[in-house]
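# Observations on the three-dimensional arrangement
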Amino acid sequence: MFVGSVIMGIGSSVTIPVESAAVTNIFELILLASLVWTKIHLEKKSNGTERGPDDE
């Protein structure tokens, strides 16, 4: 989630020499994907489906 937020912040602050403002939507898509990935990762971790190095 942090990485997606940083990419979104940097991408929104940098001016891209393209006439369409829709290019910034790519950075929003990256943010949304990182949020979904974080949610899936945390759900797996809380359900115990993800095994650690000490689990057998």
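Placed above this text is the structure.
Residues numbered from 1 in each chain as written. Predicted model: local features only at pLDDT ≥ 70, side-chain atom pairs only at ≥ 80, totals over all residues. Heavy atoms only, no water.

### Digging into the overall build of the protein
Within the protein, the secondary structure is distributed over two helices and zero strands. Evaluated residue by residue, the protein yields a buried proportion of 11% over its 56 residues. Element-wise, carbon and sulfur atoms account for 65% of the exposed surface of the protein, whose accessible area totals about 4800 Å². (Helix = DSSP H or I, 4+ residues; strand = E, 2+ residues; numbered from the N terminus. Buried < 20%, exposed > 50% of the residue type's maximum accessible area, 1.4 Å probe, protein only. Areas by Shrake-Rupley, 256 points an atom, 1.4 Å probe, with all protein chains shown as cover.)

### A short note on the pattern of salt bridges
In the structure shown here, the tally under the stated rule is one salt bridge. Put simply, E43 and K39 hold a salt bridge, and the shortest N to O gap is 2.4 Å. Highlighted residues: E43 and K39, both in helix α2 (residues 25-47), separated by four residues, approximately one helical turn. On the accessibility criterion, E43 (37% relative accessible area) is partly exposed. (Salt bridge = Lys/Arg side-chain N within 4 Å of Asp/Glu carboxyl O.)

### Here's the deal with helix α1 (residues 2-13)
The first and last C-alpha atoms of α1 sit 17 Å apart over 12 residues, in line with the 16 Å expected at 1.5 Å per residue. Where α1 is buried, its residues contact α2. (Expected span 1.5 Å × (residues − 1). Contact = heavy atoms within 4.5 Å.)

### Here we look at α2
Here α2 is 23 residues long and its end C-alpha atoms lie 33 Å apart, about the 33 Å a rise of 1.5 Å per residue gives. Turning to α2, its buried residues are F27, S34 and T38. Lining the buried residues of α2 we find α1. Once α2 finishes, G48 follows within two positions and takes phi at roughly 80 degrees, a positive value.

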